[in-house]
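# Results of the structural survey
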Amino acid sequence: MFLLIFIASVKAQSSGDIKLQSATDKSQFILSKEKGKYVALHFLLKTECPYCIRHTSEYFDRAATLPNVVQVFIKPDTEKEIAEWATKLPAAELNKFPIYRDPDAKLAAQFNIPDGYSFHNQIVHFPAMVLIGPDGKEVFRYIGKNNSDRFSFDQLVSKVNELTGK
């Protein structure tokens, strides 16, 4: 019973105004500027992760087919580590989808993304996707169980269609 109440209260929370600085260009993501749109916050793992590259690439390739959702990719690494990691992604796509930095995973903690996942001899937050609705409130979240457990693009399309009544 407590778990159901906790989940309901987390989903009903407003996200406040989120501001993230890009590590791959000079842009800044500001949630309040996206009012009226869905925003998918993709919390990627710290350090080198081929699943993060694959996941991010899939979303890059298909994002245009879901134009009512802003895709935001977030890593807790240093700016230098993110820039190096991002060299494995297509440069043209990075211009459309910068990789944003979450210093010390503070935003992940604010969203109660669990940590404690052991990865490359580090303890990191689990991979996650949080969907913010047009009103700025969280409407859905997915927390992966390991580095390969991600919310696929097809799953996001289904979820957005469910939320919009399509």
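Read on for a plain summary of the structure. (Residues numbered from 1 in each chain as written. Predicted model: local features only at pLDDT ≥ 70, side-chain atom pairs only at ≥ 80, totals over all residues. Heavy atoms only, no water.)

### Re the pattern of salt bridges
This structure, assessed with the given rule, holds eight salt bridges. Across the salt bridge formed by Glu 58 and Arg 62, the nearest N and O atoms sit 3.6 Å from each other. Separated by four residues within a single helix, Glu 58 and Arg 62 lie in helix α2 (residues 50–62), roughly one turn from each other. Taking the relative accessible area as the measure of exposure, Arg 62 reaches 30% and is therefore partly exposed. Within this structure, Glu 58, Arg 62 and Asp 154 form a network of salt bridges that share partners. (Salt bridge = Lys/Arg side-chain N within 4 Å of Asp/Glu carboxyl O. Helix = DSSP H or I, 4+ residues; strand = E, 2+ residues; numbered from the N terminus. Buried < 20%, exposed > 50% of the residue type's maximum accessible area, 1.4 Å probe, protein only.)

### Some thoughts on helix α6 (residues 153–164)
Side chains that are three or four residues apart share a direction in an α-helix, a result of its 3.6 residues per turn. With 12 residues, α6 extends 16 Å between its outermost C-alpha atoms, agreeing within 8% with the 16 Å of an ideal straight helix rising 1.5 Å per residue. Where α6 is concerned, the buried positions are Phe 153, Leu 156, Lys 159 and Val 160. For α6, the angular spread of the buried residues around the axis is 120°, confining them to a single face. Taken together, the buried residues of α6 touch β3 (38–43), α2, β4 (69–75), β8 (128–132) and β9 (138–143). Just beyond α6, the residue with positive phi is Gly 165, at close to 75°. (Expected span 1.5 Å × (residues − 1). Arc of directions from axis to C-beta. Contact = heavy atoms within 4.5 Å.)

### What about empty space enclosed by the protein?
Counted by the stated rule, this structure contains one cavity of 30 Å³ or more. Within this model, the largest cavity holds a volume of roughly 70 Å³. Every residue along the wall of the largest cavity is listed here: His 42, Phe 43, Leu 44, His 55, Pro 127, Ala 128, Met 129, Tyr 142, Gly 144, Asp 149, Arg 150 and Phe 151. The set of elements that each furnish at least two residues to the lining of the largest cavity consists of β3 and β8. For the lining of the largest cavity, the per-class residue count stands at seven nonpolar, three polar and two charged. (1 Å grid on protein atoms, 1.4 Å probe; cavity = no way out; pocket = protein on both sides within 12 Å on 5 of 7 lines; lining within 4 Å. Points joined across faces, edges and corners; volume = space filled by probe spheres on them. Nonpolar A, V, L, I, M, F, W, Y, C, P; charged D, E, K, R; others polar.)

### Thoughts on the layout of surface pockets
Counted as a void, the largest pocket has a volume near 240 Å³. Sorting the residues of the lining of the largest pocket by element identifies α2, β4 and α4 (91–96) as the ones contributing at least two each. Counting residues per element, the lining of the largest pocket draws most heavily on β4, which supplies four residues. Along the lines of polarity and charge, the residues of the lining of the largest pocket split into 12 nonpolar, one polar and four charged. Considering only enclosed or pocket space, the second largest pocket measures out at about 200 Å³ in volume. Forming the boundary of the second largest pocket are 17 residues, of which Lys 46, Pro 76, Ala 105, Val 124 and His 125 lie nearest the centre. Within the residue set of the lining of the second largest pocket, elements represented by two or more residues are β4 and β7 (122–125). A total of three residues in the lining of the second largest pocket trace back to one element, the largest contributor, which is β7. The class makeup of the residues in the lining of the second largest pocket is 11 nonpolar, one polar and five charged.

### Some points on the environment of Arg 54
Relative to the assigned elements, Arg 54 resides in helix α2. Along the sequence, Arg 54 and Leu 89 sit 35 residues apart, while their C-alpha atoms lie 9.1 Å from each other.

### Brief notes about the packing of α2 against α6
Pairs of packed helices are described in terms of their axes, by the angle between the two and the distance that separates them. One can describe the packing of α2 onto α6 by two numbers: an axis separation of 10 Å at closest approach and a directional angle of 55°. Considering the angle they form, α2 stands oblique to α6. On the side of α2, the interface is formed by Glu 58, Tyr 59 and Arg 62, while α6 contributes Phe 153, Asp 154 and Leu 156. Here the residues of the contact of α2 with α6 sort into three nonpolar, no polar and three charged. (Axes fitted to C-alpha atoms, helices over the stretch in contact; angles between N-to-C directions. Parallel < 35°, antiparallel > 145°, perpendicular 65-115°, else oblique.)

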